[in-house]
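# Examining the three-dimensional arrangement
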Amino acid sequence: MSEIKNVVRRLCILGATGSIGLSTLDVVRRHPERFDVVSLSAHSSVDTLLAQCIEFLPETVVMVSKPHAKELKQLLLDKDLGHINVLSGAEALEVISQDKSIDTVMAAIVGASGLMPTLAAVNAGKRVLLANKEALVTSGAIFIEAVKASGAQLIPIDSEHNAIFQCLPIEAQNTPGYCNLSENGISKILLTGSGGPFRTFSVEDLESVTVEQACAHPNWDMGQKISVDSATMMNKGLEFIEAKWLFNVEPEDIQVVLHPQSTIHSMVQYKDGSVIAQMGNPDMRTPIAHALSFPERIDSGVEPLDFFNTPSFEFQAVDYVKYPNLKLAIEACKNGQGACTALNAANEIAVDAFLNKKIKFTDIYKINETSVNKFVSEDVTSIDDVMNLDNRVREFTRNLLTQYDTQDISDNMNRDNH
Ligand code: NDP
Ligand code: MG
């Protein structure tokens, strides 16, 4: 144990300017003696990345957007930080995530854009802290095979999967993706979800909900895409697929349980009737701190649960009429990789259209369903297949959007709501 304590982890944070990236740096800030921030990435958030450069003095940063990278470079020169190397373009993400001088990668880019740099980190045998669930959804077995082949250490960040990880025996923790849970005495994974901001809405009410309502999660403060996914419960669907791959279980071994308070982050049911749960206040700094320091524990800045002021725990079954996207994702999980890759790509396009007020909230499901049905039987056995299918689904889904009333619907929705 004393050996572990002296390790200074050399970090690459992909998606440093997002919700998970900011929480990661908040934990890192509390433990300067334990972590060296070597590289950071963003897509186009110049001001946030500049502030992070000033505070954490990384060696290299990637700004994917070239014009924004140019702007950042100039601002760094103005601050006498011209020695920080600024790279641009999506390929540069892979350069920093597999760089020899780092040992740990926080994979916190949103969407399928996170797949290639995360996979590069895996192939380089890094310790990979996986927030980017879309990587596993789009490439499942291919990703896990890469983990197995390289010996990379995979630690889940998604609060549910991190909770499940914490409830598993050590042997299973050391082999995520290829552990045998049944041999370890486990009979079921209980994946909890709050039901999002529309849990108490009627199905009819969902027709006219706004972007602002969808992004206002009752318990968690997150990026926009995952907030909309939480409102449709597609997030739980993506997490269902993520759990299948991370814990090497069949869809029948995973049960979704609605738990509106988000205090229990998920549970593991053992054959002898024991159910082990992980609890805490809903703050991503807890799973992030756990993964950053595993197997040690460090302060995350999160207040401990106050049981005397915690609302009572409720549990409910899922209403799939209200949350058809969750059902679609569970079916995709059963149908195979083609369906999952297609589901993720279609959903990214549909959620983006909703966020830009081009379609209604309830259209997200219609678009996802049509796209998944079209591509359900596609064979996906390599990363090239994944990228190829991802591109074709995006094109198909964009065309599909033109059949919807894609003029700005915000006026209509505003009228509906008054
Ligand atoms: P955000 O939208 O807050 O942040 C996304 C990050 O990725 C930003 O740094 C953004 O840069 C960068 N980015 C966006 N698009 C691209 C692109 N095309 N190429 C490279 N970088 C890009 O997302 P979250 O932090 O909420 O989520 C990140 C991941 O973690 C997602 O996969 C999500 O599902 C998962 N997750 C998030 C949780 C949360 O609480 N937020 C909980 C569990 C999982 P820029 O700022 O410049 O746009
Ligand atoms: Mg989650």
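Residue numbers here run from 1 along each chain, matching the order of that chain's written sequence. Chain labels run from A onward and ligand labels from 1 onward, assigned in the order the entries are written. In keeping with the model being predicted, local features are shown solely for residues with a pLDDT of at least 70 and side-chain atom pairs are shown and tallied solely at 80 or more, while totals for entire chains, interfaces and linings include all residues. Each side-chain value is worked out from all heavy atoms of the structure, with water and hydrogens disregarded.

## Points about the pattern of salt bridges
We count a salt bridge whenever a side-chain nitrogen from Lys or Arg sits within 4 Å of a carboxyl oxygen from Asp or Glu. Summed over all chains, the structure comprises 21 salt bridges. Across the pair Arg-30 and Asp-26 runs a salt bridge, and its minimum N-O distance is 3.1 Å. Residue Glu-239 is joined to Lys-133 by a salt bridge in which the shortest nitrogen-to-oxygen separation is 3.1 Å. Residue Glu-239 is located in helix α12 (residues 234–247), and its partner Lys-133 is located in helix α7 (residues 133–150); the two are separated by 106 residues in the primary sequence. As far as the burial class goes, Glu-239 and Lys-133 line up, both buried. Each member of the salt-bridge network shares a partner with another, and the members are Asp-26, Arg-29, Arg-30, Glu-55, Asp-283 and Arg-285. Counting from the N terminus, the helices are DSSP H or I runs at least four residues long and the strands are E runs at least two residues long. The rule is simple: take the accessible area with a 1.4 Å probe, protein chains only, and divide by the maximum for that residue type; under 20% is buried, over 50% is exposed, in between is partly exposed.

## Let's talk about the packing of α7 against helix α15 (residues 337–355)
Between N-to-C directions, angles span 0 to 180 degrees; the directions come from axes that are lines fitted to C-alpha atoms, helices contributing only their stretch in contact. Axis separation between α7 and α15 bottoms out at 7 Å; the angle between their running directions is 155°. By the angle between their axes, α7 is roughly antiparallel relative to α15. As α7 runs across α15, the sense of the crossing is left-handed. Packed against α7, whose contacting residues are Glu-134, Val-137, Thr-138, Ser-139, Gly-140 and Ala-141, the element α15 presents Gln-337, Cys-340, Thr-341, Asn-344 and Glu-348 at the interface. Residue polarity is assigned by list, with Asp, Glu, Lys and Arg as charged and Ala, Val, Leu, Ile, Met, Phe, Trp, Tyr, Cys and Pro as nonpolar; anything else, Gly included, falls into the polar class. Its residues assigned to classes, the contact of α7 with α15 comprises three nonpolar, six polar and two charged. By definition in this entry, angles of less than 35 degrees are roughly parallel, angles greater than 145 are roughly antiparallel, angles of 65 to 115 are roughly perpendicular, and the rest are oblique. Handedness of a helix crossing follows the sense of rotation of the near helix relative to the far helix, less than a right angle counterclockwise being left-handed and clockwise being right-handed. Residue contacts follow a heavy-atom distance rule, with two residues in contact if any of their heavy atoms lie within 4.5 Å.

## Quick word on the site of ligand 1
We call a residue near a molecule or strand whenever a single non-hydrogen atom of that residue lies within 4 Å of it. Near ligand 1 lie 25 residues; those nearest to it are Thr-17, His-43, Ser-44, Ser-45 and Glu-134. In protein, a polar contact requires one atom able to donate a hydrogen and another able to accept it; more generally it is a pair of N or O atoms within 3.5 Å, and residues adjacent in sequence count only if both atoms are side-chain atoms. One nitrogen or oxygen atom from the side chain of Ser-113 is found 3.2 Å from a nitrogen atom belonging to ligand 1. The backbone of Gly-223 places a nitrogen or oxygen atom 3.0 Å from an oxygen atom of ligand 1. The accessible surface values rely on the Shrake-Rupley method and a 1.4 Å probe; as for residues, cover is taken only from the protein chains in view. Protein contact buries 86% of the 900 Å² of open area that ligand 1 shows by itself. For the shell around ligand 1, the secondary structure elements donating two or more residues are α2 (19–29) and α7. Taken together, the residues of the shell around ligand 1 break down into 12 nonpolar, 10 polar and three charged.

## Brief notes about the side chain of His-259
For His-259, the location among the structural elements is in the loop between β9 (254–258) and β10 (264–270). A distance of 3.0 Å separates the side chain of His-259 from the backbone nitrogen of Ile-264, its partner in a polar contact. A distance of 3.0 Å separates a polar atom in the side chain of His-259 from the backbone oxygen of Glu-314. Filtering out sequence-adjacent residues up to four positions away, His-259 remains in contact with Thr-192, Gly-193, Ser-194, Ile-264, Phe-313, Glu-314 and Phe-315.

## Describing the domain arrangement of the chain
The assigned domain composition of the chain is domain 1 (2–156) and domain 2 (182–282 + 309–416). The C-alpha-based centres of domain 1 and domain 2 are spaced at 26 Å. Tallying the contact residues gives 19 residues for domain 1 and 25 residues for domain 2. We define buried area as the total accessible area lost by two parts upon association, computed with a 1.4 Å probe and summed across both. Both faces combined, the contact of domain 1 with domain 2 buries some 1,700 Å², and carbon together with sulfur accounts for 72% of it. Domain delimitation follows an automatic or database domain assignment.

## Here's the deal with α7
The terminal C-alpha atoms of α7 lie 20 Å apart, and with 18 residues this falls more than 12% below the ideal 26 Å at 1.5 Å per residue. Along α7, the sharpest change in direction is near 110° and occurs at Ser-139. Extensive coverage of α7 is indicated by the burial of 13 of its 18 residues. One less than the residue count of a helix, multiplied by 1.5 Å, gives the span that helix is expected to have. Given a residue, its bend is the angle between the two axes fitted to the seven residues that end at it and to the seven that start from it.

## Observations concerning the coordination of the magnesium ion (ligand 2)
Octahedral six-donor coordination of a metal ideally yields angles of 90 or 180 degrees, compared with 109.5 degrees for tetrahedral four-donor coordination. Keep in mind that water is not among the atoms, so a site may look incomplete; donors are the N, O and S atoms within 2.8 Å of the metal, or 3.2 Å for Na, K and Ca. Note on the magnesium ion (ligand 2): its protein donors are Asp-158 (OD), Glu-160 (OE) and Glu-239 (OE). The metal-donor distances range over 2.1 to 2.2 Å. Mapped onto the sequence, the donors of the magnesium ion (ligand 2) take the spacing D-x1-E-x78-E. Of the two residues, Glu-160 is situated in helix α8 (residues 159–166) and Glu-239 in helix α12; the sequence distance between them amounts to 79 residues. For the residue pair Glu-160 and Glu-239, the accessibility class agrees, reading buried in each case.

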